[in-house]
Amino acid sequence: VHLVESGGGLVQPGGSLRLSCAASGTIFSRNAMCWYRHAPGKQRELVAQITSGGRTNYADSVKGRFTISRDNAKETVFLQMNDLRREDTAVYYCKAEEPKGMRIGVVEYWGQGTQVTVSS
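Quick caveat, the model's predicted, so the values are computed rather than measured.

### Digging into the packing of aromatic side chains
Move 1: Applying the stated criterion to the full structure yields one aromatic pair.
Move 2: Taking the centre distance of 4.9 Å and the plane angle of 55° together, the rings of Tyr-36 and Trp-110 count as tilted. One end of the pair, Tyr-36, is in strand β4 (residues 32-38); the other, Trp-110, is in strand β10 (residues 106-110), with 74 residues separating them in the sequence.
Move 3: The ring of Phe-78 has Arg-18 lying over it, and the distance from NZ or CZ to the ring centre is 3.9 Å.

What follows is the structure in structure tokens.
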């Protein structure tokens, strides 16, 4: 399984970015997909998750500002980030949770990350 994030960059406070994570080598539609972030000096944080059925879950810190979505035909998950704040600065990682049956459970795959910097 290969995950490739894109869309990061430098943005001013209050601005927007859209992250993408393209997957290959997996049956994408079966996977839950997640976005995590890791800021210097902080623990890695779950930002948003979308299940195979389209249910979403968000960290309290991003509710109302970030939206996760998926396009199964394009095997891509997105993270629309609006009203960005300096504290959103981090490396953002995509994770796929691939179901492998009752005996194995779920296997996780990670992308390489994309840097998001919010600064004036």
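### Brief notes about the sheet that holds strand β7 (residues 66-71)
Move 1: The antiparallel open sheet is built from four strands, whose spatial order is β1-β3-β8-β7. Two strands close off the open sheet at either side, each with one partner strand: β1 (2-6) and β7. Sheet twist, expressed as the average angle between the axes of neighbouring strands with direction ignored, equals 15°.
Move 2: Bridging between strand β3 (residues 17-24) and strand β8 (residues 76-81) involves six bridges; their strand directions are antiparallel. Pairing of Ser-20 across the sheet is with Phe-78, part of β8.

### Some words on the pairing of strand β9 (residues 90-99)
Move 1: Counted residue by residue, β9 has seven buried out of 10 residues, so it is predominantly covered.
Move 2: The sheet contact formed by β4 and β9 spans seven bridges and is antiparallel. Across the sheet, residue Tyr-36 finds its bridge partner in β9, namely Tyr-93.
Move 3: By the bridge criterion, three bridges tie β9 to strand β11 (residues 114-118) in an arrangement that is antiparallel. Bridge assignment links Ala-90 to a residue of β11, and that residue is Val-116.

### Things to note about the state of the cysteines
When the sulfur atoms of two cysteines share a covalent bond, that bond is a disulfide.
Move 1: All told, the structure shown has one disulfide when counted by the stated rule.
Move 2: Covalent S-S linkage joins Cys-21 and Cys-94, the inter-sulfur distance amounting to 2.1 Å. Classification of the bridge connecting Cys-21 and Cys-94 rests on its S-S torsion, roughly -75°, and on that basis the disulfide is left-handed. Note that Cys-21 is positioned in strand β3 and Cys-94 in strand β9, a separation of 73 residues in sequence. Side by side, Cys-21 and Cys-94 carry an identical accessibility label, which is buried.

### Observations concerning the environment of Gln-12
Move 1: Structurally, Gln-12 can be placed in the loop between β2 (9-11) and β3.
Move 2: Along the chain, Gln-12 and His-2 lie 10 residues apart, while their C-alpha atoms are 31 Å from each other.
Move 3: What Gln-12 contacts, discounting residues up to four positions off in sequence, is Val-118 and Ser-119.

Calculation criteria
Residues numbered from 1 in each chain as written. Predicted model: local features only at pLDDT ≥ 70, side-chain atom pairs only at ≥ 80, totals over all residues. Heavy atoms only, no water. Phe/Tyr/Trp six-rings, centres within 6.5 Å; stacked < 30°, edge-to-face > 60°. Helix = DSSP H or I, 4+ residues; strand = E, 2+ residues; numbered from the N terminus. Lys NZ or Arg CZ within 6 Å of the ring centre and 35° of its normal. Pairing = 2+ DSSP bridges. Axes fitted to C-alpha atoms, helices over the stretch in contact; angles between N-to-C directions. Buried < 20%, exposed > 50% of the residue type's maximum accessible area, 1.4 Å probe, protein only. Disulfide = S-S within 2.5 Å. Contact = heavy atoms within 4.5 Å.

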